[in-house]
Amino acid sequence: MGFHAIVPPPPFDRLIASIWDWDCPAPGHRLERILPTPGGGLIVNLLEDETRIYDDDLGCQRRPGAVVSGPYTRSFIIDTAEQVKVMGIVFRPGGAWPFFRERIDTLSNRDIGLEDLLGARAHGLRETLLNTPCPHRRLAVLQQWLLRRAPEAEPHPLVASALHRLTHQPDVTRIGAIVSDSGLSAPRFGRLFQEHVGMGAKQYARMQRFRTVVTQVSRQARVEWALVAADCGFYDQPHLVREFRAFAGMTPGDYVRKRGEHANHVPIA
C-alpha cells in the first residue's frame, strides 16, 4: 500500500510528468474538489469499474473505470470512496496529443472512456493491471503500454516553443510576439495551439498564473494577498480573486482555509 510514482525515460519525460499508483485508505471526508491543471491525464480505477465526477450541484457523471481526462479549465468534484486504489498518468501540457492523435480540445473539461477513445487498442489494459499485484510492476506495465503508442515522442515544435515561453512568463500580452515568431497567421496559430493543448493560448497563460498562485500559497501559514497578486502577474488583488474563482470555483481565501494535504485536492465533506 502507499503512493508510488515514476517519470518515464527521455524523450518521453518531455510529454509525461509522472506515472503513479495510489493504494491508500479513503480519507475521512467523502468528496474533494479538484483544482484544474492544463495537461490532462489517464485514470485507471482498480477498485471499481467506474469513475464518478460531480459538478457543483453534485450532479454525477459516470464513466468507465479507465478514462482519459482532458485538460480542465474549471474545478470538479470526486468521490473519495472510489479513489482508494487507482493509477494514473499526468501529461505535460501538449503532451497527450502524440499518444492519442486526437484533437485535445475535443477532450477538454471532460473524461472519456479509454476504450471509447481507442477501441480495441485499449482492450485488456485495466484487467492486466488488476492482475498485477506489485505496484512497481503495475507502473512498468502501464508505462510500457503507453510508450508503445508513441514511437516518435515529439511534441509539435511550434506548440512546444509557445508553451515554454508561456509557462515561464505567463503574460497574455506576450502572445502577439509568440504568434509573430511562429511564422503562422494568428488564426492558424490559435487553431494549432488549441488542438494540441486543449485551450487557447490566452487561457493557458491565465491558467499558468492561477497555478503559480496555488503553488505559492498552498503551504503558506499566512498569505499576503496583495504581494501574491503582484508576484504572480495580476493587476491587483480583485483581479486575482476573479481569476482564482473562475478556475477553482472558490475564492483564494476559501482555498487557504479549506486546503488539504495535497495542493490540488480540497476536502468538501
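Given the structure is predicted, the values throughout are model-derived calculations rather than measurements.

### What about the pattern of salt bridges?
Then, in step 1: Going through the model one piece at a time under the given rule, you end up with 14 salt bridges.
Then, in step 2: Measuring nitrogen to oxygen at the nearest pair gives 3.2 Å for the salt bridge that ties aspartate 79 to arginine 52. You can see aspartate 79 sitting in strand β8 (residues 76–79) and its partner arginine 52 sitting in strand β5 (residues 51–54), a full 27 residues away along the chain.
Then, in step 3: For aspartate 79, a relative accessible area of 6% gives the class buried.
Then, in step 4: One salt bridge connects aspartate 105 with arginine 103, and the closest N-O pair in it is separated by 2.6 Å.

### With respect to the pairing of strand β3 (residues 31–34)
Then, in step 1: Residues Leu31 and Arg33 of β3 are buried on one face, and the alternating residues Glu32 and Ile34, pointing to the opposite face, are buried as well.
Then, in step 2: By the bridge criterion, four bridges tie β3 to β8 in an arrangement that is antiparallel. In the strand pairing of β8, leucine 31 is matched with aspartate 79.
Then, in step 3: Sheet topology note: the β3/strand β11 (residues 265–267) ladder contains three bridges and is antiparallel. Across the sheet, arginine 33 pairs through a bridge with valine 266, a residue of β11.

### Some remarks on the side chain of threonine 132
Then, in step 1: Relative to the helices and strands, threonine 132 is located in the loop between α3 (125–130) and α4 (135–147).
Then, in step 2: Side-chain polar atoms of threonine 132 contact the backbone oxygen of threonine 128, separated by 2.7 Å.

### Considerations on the packing of aromatic side chains
Then, in step 1: Overall, the coordinates contain ten aromatic pairs when judged by the stated rule.
Then, in step 2: The positively charged end of arginine 209 is found above the aromatic ring belonging to phenylalanine 234, 5.2 Å away from the centroid.

### Some words on the pairing of strand β6 (residues 60–63)
Then, in step 1: Bridge count between β5 and β6: four bridges; the pairing is antiparallel. Opposite isoleucine 53, over in β6, you have glutamine 61 as the bridge partner.
Then, in step 2: Hairpin remark: β5 followed by β6, antiparallel, with five residues in the connecting loop; positive phi at leucine 58, about 65°.

### Describing the packing of helix α5 (residues 157–168) against helix α6 (residues 175–182)
Then, in step 1: Orientation of α5 relative to α6, taken along the N-to-C sense of each, is 155°, at an axis distance of 11 Å. Judged by the angle between their axes, α5 and α6 are roughly antiparallel. Relative to α6, α5 is oriented so that their crossing is right-handed. Note on element contacts: α6 touches α5 through Ile175, Ala177, Ile178, Asp181 and Ser182, opposite Leu158, Ala162, Arg165 and Leu166.
Then, in step 2: For the contact of α5 with α6, the residue count by class is six nonpolar, one polar and two charged.

### Looking at the nonpolar core
Then, in step 1: Core analysis: the biggest nonpolar cluster contains 36 residues, and Phe193, Val213, Phe244 and Tyr255 have the highest contact counts within it.
Then, in step 2: Breaking this core down by element, the ones donating at least two residues are α5, α6, α7 (186–197), α8 (201–217), α9 (225–231), α10 (237–248) and α11 (252–258).
Then, in step 3: When residues in this core are grouped by element, the largest group, eight residues, is from α8.
Then, in step 4: Within the second largest apolar cluster, 32 residues are counted, among which are Phe12, Phe91, Phe100 and Leu146.

The rules behind these values
- Residues numbered from 1 in each chain as written.
- Predicted model: local features only at pLDDT ≥ 70, side-chain atom pairs only at ≥ 80, totals over all residues.
- Heavy atoms only, no water.
- Salt bridge = Lys/Arg side-chain N within 4 Å of Asp/Glu carboxyl O.
- Helix = DSSP H or I, 4+ residues; strand = E, 2+ residues; numbered from the N terminus.
- Buried < 20%, exposed > 50% of the residue type's maximum accessible area, 1.4 Å probe, protein only.
- Pairing = 2+ DSSP bridges.
- Polar contact = N/O pair within 3.5 Å; in protein donor to acceptor, adjacent residues only side chain to side chain.
- Phe/Tyr/Trp six-rings, centres within 6.5 Å; stacked < 30°, edge-to-face > 60°.
- Lys NZ or Arg CZ within 6 Å of the ring centre and 35° of its normal.
- Axes fitted to C-alpha atoms, helices over the stretch in contact; angles between N-to-C directions.
- Parallel < 35°, antiparallel > 145°, perpendicular 65-115°, else oblique.
- Left-handed = near helix turned anticlockwise from the far one by under 90°.
- Contact = heavy atoms within 4.5 Å.
- Nonpolar A, V, L, I, M, F, W, Y, C, P; charged D, E, K, R; others polar.
- Core = buried A, V, L, I, M, F, W, Y, C linked by side-chain atoms within 4.5 Å.

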